[in-house]
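# Examining the three-dimensional arrangement
Letter by letter, the chains look like this.
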Number of protein chains: 2
Amino acid sequence: MATGSSGSKPKARNRLPAVEVLRVGHRPGRDPRLTTHVALAARAFGASRLFLHPPDPELAARIAAVVGRWGGDFEVVPADDWKKVVRSFEGAVVHLTMYGEGLSRVLPRLRRSRRILLVVGGAKVPPELYRLATYNVAVGHQPHSEVAAVAVALERLRGLPGRRAPRGARWQIVPQARGKKIVVAKAAR
Amino acid sequence: MATGSSGSKPKARNRLPAVEVLRVGHRPGRDPRLTTHVALAARAFGASRLFLHPPDPELAARIAAVVGRWGGDFEVVPADDWKKVVRSFEGAVVHLTMYGEGLSRVLPRLRRSRRILLVVGGAKVPPELYRLATYNVAVGHQPHSEVAAVAVALERLRGLPGRRAPRGARWQIVPQARGKKIVVAKAAR
């Protein structure tokens, strides 16, 4: 599902950027649903991994279980030091914040990147993040949600997810006008 | 910000559908952040109101405070009976579910609607919802988030939010490449 980011072939005109996500300031003690939703949205909209700061092994295990059923190779990577992740990233670091430049304005530049790291903070964002980011980008200048910001940014960068299930999926949905249909593979891959 | 939905003028070619959101199965006892994020994303991406089932006056008050600062006329409407909201809605009822038809497939039909009610459930969705909805629509067929589903569906229906602050905003962001800039109006409107 993820677009390869290595190799030195001539540039494909419509290659989609490979996107990773960094969540800064997760609070493992509190209700983990919001960060779980960030992780699931990142996966569903085509990111290849979520760096999670601070690490939360339980959350990572829950997402790994989702990947086991639904396929693909999305992973949650523990990040003790978020600055290190940002500094060592080889690509555009895009801090999603309502204070930044409008997404539609920055989008043409972002689409030329081969690799993008979307960064979302929690309630308190470390001020250095504004400085360390390549771009500070607003998905609208109104308060909303890091889940929404990640999903919409990914959708604008990579398009709506297609119908095809990721590689290795054991569970697959067959789209229905009414009701639910899941096909479950008998054996694991 | 919301597009008017009344009047009998000849159809404007590019009129955006007016969108409302219904959240079914909110759990006021648990951490309210997810539903708060649904409400904020609905507002930020151009919905005019959120019907909240079951009602949660505290959450409604928090969102009203956001509207007081940031403007517009978004409101949280208590919904004791979600079926009544669905049945009495005059427009297309779009249940967002990973089991439904792909959004890109249904989108051309939705864009012709004047009014749309996006419906998102919680962990357990009442089976009748699949039957009562005009469309069951998947924003991707992978598990993710009702926050992401609402945001991306709205963004596809109405586009990315613009730079202009909603009417009556007391707080306004001035987009910045680095850092934060808010202008606070001295007097309320």
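Remember, predicted model here, so these are calculated numbers, not experimental data. (Residues numbered from 1 in each chain as written. Chains lettered and ligands numbered in written order. Predicted model: local features only at pLDDT ≥ 70, side-chain atom pairs only at ≥ 80, totals over all residues. Heavy atoms only, no water.)

This paragraph deals with the relation of the copies chain B and chain A. When chain B is fitted to chain A, the residual RMSD is 0.0 Å, and the transformation amounts to a turn of 180° plus an axial shift of 0.0 Å. On this basis, the relationship between the two copies can be described by a two-fold rotation axis. Among all residues of chain B, the one whose C-alpha sits closest to the rotation axis is A148 of chain B, at a distance of 2.4 Å. A share of 100% of interface residues in chain B that are also interface residues in chain A marks the association as one of identical surfaces. (Least-squares fit on C-alpha atoms with pLDDT ≥ 70 in both. Contact = heavy atoms within 4.5 Å.)

Residues and elements named next belong to chain A. In spatial order, the strands read β3-β2-β1-β5-β4-β6; together these six strands make up an open sheet with parallel pairing. Of all the strands in the sheet, the pair left with one neighbour each is β3 (75–78) and β6 (135–138). Looking at each pair of strands side by side, their axes are set apart by 35° on average, direction ignored. The pairing of strand β1 (residues 18–23) with strand β2 (residues 49–52) spans three bridges and is classified as parallel. If you follow L22 over to β2, its bridge partner there is F51. Strand contacts of helix α6 (residues 146–158): β1, β4 (92–102) and β5 (115–120), with the helix running at about 165° to β5, the strand carrying the most contacts. (Pairing = 2+ DSSP bridges. Helix = DSSP H or I, 4+ residues; strand = E, 2+ residues; numbered from the N terminus. Axes fitted to C-alpha atoms, helices over the stretch in contact; angles between N-to-C directions.)

So, on to the packing of helix α1 (residues 33–44) of chain A against α6 of chain A. All names here are of chain A. Between α1 and α6, the shortest axis-to-axis distance is 9 Å and the interhelical angle comes to 5°. What the angle tells us is that α1 and α6 run roughly parallel. Between α1 and α6, the contacting residues are L34, H37, V38, A41 and A42 on the first element and E146, V147, V150, A151 and L154 on the second. Broken down by class, the residue content of the contact of α1 with α6 amounts to eight nonpolar, one polar and one charged. (Parallel < 35°, antiparallel > 145°, perpendicular 65-115°, else oblique. Nonpolar A, V, L, I, M, F, W, Y, C, P; charged D, E, K, R; others polar.)

Right, let's talk about the confidence of the model for chain A for a bit. Mean pLDDT over chain A stands at 91; residues scoring 70 or higher make up 91%. What the predictor reports for the complex is a pTM of 0.91 with an ipTM of 0.91. (pLDDT = per-residue confidence, 0-100.)

The next point concerns the environment of R15 of chain A. Considering the arrangement of structural elements, one finds R15 of chain A in the segment before β1. Of the residues examined, R15 of chain A reaches a relative accessible area of 27% and is grouped as partly exposed. (Buried < 20%, exposed > 50% of the residue type's maximum accessible area, 1.4 Å probe, protein only.)

Let us look at the pairing of β3 of chain A. Regular strands place side chains that alternate from one sheet face to the opposite one. Residues and elements named next belong to chain A. Alignment of β2 against β3, held across four bridges, turns out to be parallel. Residue pairing in the sheet places L50 in a bridge with V76 of β3. Between β2 and its parallel partner β3, the chain crosses via helix α2 (residues 57–70), and the hand of that crossover is right-handed. (Right-handed = clockwise from strand over helix to strand, strands pointing away.)

A few words now on the interface of chain B and chain A. On the side of chain A, 54 residues touch chain B, which itself brings 54 residues to the contact. On the chain B side of the contact with chain A, R33, Y99 and Q142 of chain B bury the most area, a combined 15% of that side's loss. Taken together, chain B and chain A are joined by two salt bridges. Between R156 of chain B and E155 of chain A there is a salt bridge, with the nearest N and O atoms lying 2.6 Å from each other. (Buried area = accessible area lost by both parts, 1.4 Å probe. Salt bridge = Lys/Arg side-chain N within 4 Å of Asp/Glu carboxyl O.)

Turning next to the side chain of H144 of chain A. In this fold, H144 of chain A is placed in the loop between β6 and α6. Polar side-chain contacts of H144 of chain A include one of 2.8 Å to the backbone oxygen of V139 of chain A. Excluding residues that lie within four positions of it along the chain, H144 of chain A makes contacts with V139 and A149 of chain A together with H37, L40, A41, A44 and F45 of chain B. (Polar contact = N/O pair within 3.5 Å; in protein donor to acceptor, adjacent residues only side chain to side chain.)

Counting residues in hydrophobic clusters, the biggest one holds 94 residues, and the most contacted among them are L96 and L118 of chain A together with L96 and L118 of chain B. The contact partners of L118 of chain B, leaving out residues within four places of it in the chain, are V19, E20, V21, L22, V94, L96, V150, A153, L154 and L157 of chain B. Core analysis: the second largest hydrophobic core is formed by 15 residues, F51, A79, W82 and F89 of chain A among them. (Core = buried A, V, L, I, M, F, W, Y, C linked by side-chain atoms within 4.5 Å.)

Another point: the packing of aromatic side chains. Residues and elements named next belong to chain A. Counted under the stated rule, the structure contains two aromatic pairs over all chains. Ring centres of W70 and W171 lie 5.6 Å apart, and the angle between their planes is 75°; this geometry places the pair in the edge-to-face category. Of this pair, W70 sits in helix α2 while W171 sits in strand β7 (residues 171–173), and the two are 101 residues apart along the sequence. What makes W171 partly exposed here is its relative accessible area of 27%. Directly above the ring of W171 sits R69, whose terminal nitrogen or CZ lies 5.1 Å from the centroid. (Phe/Tyr/Trp six-rings, centres within 6.5 Å; stacked < 30°, edge-to-face > 60°. Lys NZ or Arg CZ within 6 Å of the ring centre and 35° of its normal.)

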